[in-house]
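Per-entry structural report
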Amino acid sequence: MASHKVFVVIAFAAIIFPALASAAKYIVGDETGWTNGFNYTTWASGKEFHVGDELVFNYPAGKHNVFKVNGTQFKNCEIPPLNEALTSGKDVIPLAKPGKKWYICGVAKHCAEGGQKLVINVLPGVGAPAPSPSWPAPPTSGSAKGTLASGLMAAALVAIAMVAVL
Ligand SMILES: [Cu+2]
């Protein structure tokens, strides 16, 4: 029955590895998207952004745009040269490095008066999951992604243990 055991292990590995490796994709503003009069500070609070995750800015192309700026430009709503703007209306920004990241809209006074500005803090990648002694507590705190990964890992360990017993 060796081939059967190998199959089970491979099947679980196929489930686990993509789940651990997959990056989170954050739709900025969720269903509201990237627009005026939305509090992106509130939106970002409580979220954990990691290297490898992606931000997606959704908006009607032409109505808004996205500039990656520095802290001073963010504070003062200084608009960089237009050729630095992302304008597709579905702009995907991979979070490549840890640290603070600032984004503003450069159309009219959307940043200064419409509050169309987002600052996030990007944490290092989640390659080595931290031990979670509270598992399997309900996922009221901590990221759902981590809980999912822990759950899959536990399921895999159970499966491997079962296979070993057979
Ligand atoms: Cu705008």
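This section reports on the structure supplied with the text. (Residues numbered from 1 in each chain as written. Predicted model: local features only at pLDDT ≥ 70, side-chain atom pairs only at ≥ 80, totals over all residues.)

Observations concerning the sheet that holds strand S6 (residues 99-104)
- An order of S2-S7-S6-S4 is seen for the four strands of this open sheet, with the pairing classed as mixed. Of all the strands in the sheet, the pair left with one neighbour each is strand S2 (49-50) and strand S4 (67-69).
- Two strands pair when backbone bridges link them, and S6 and strand S7 (residues 117-123) are joined in this way by six bridges, in the antiparallel orientation. From the neighbouring strand, Lys 100 faces S7, where its bridge partner is Asn 121. (Pairing = 2+ DSSP bridges. Helix = DSSP H or I, 4+ residues; strand = E, 2+ residues; numbered from the N terminus.)

Considerations on the environment of Leu 86
- Here Leu 86 is to be found in the loop between helix H3 (71-76) and strand S5 (90-94).
- The sequence separation of Leu 86 and Val 66 amounts to 20 residues, and the corresponding C-alpha distance is 5.0 Å.
- Among residues more than four places away in sequence, those in contact with Leu 86 are Asn 65, Val 66 and Asp 91. (Contact = placed C-beta atoms within 7 Å.)

Let's talk about unusual backbone geometry
- Positive phi is not limited to glycine here, since Asp 30 has a value of about 50 degrees.
- With respect to the element layout, Asp 30 can be found in the loop between strand S1 (25-27) and helix H2 (40-44).
- Accessibility expressed as a C-beta count within 10 Å gives 10 for Asp 30, which makes it exposed.
- Its identity is not glycine, yet Ala 108 carries a phi of approximately 45 degrees, on the positive side.
- Structurally, the position occupied by Ala 108 is in the loop between S6 and S7.
- Exposure remark for Ala 108: the 14 C-beta atoms within 10 Å place this residue in the partly exposed category. (Buried ≥ 20, exposed ≤ 12 C-beta atoms within 10 Å, placed from the backbone.)

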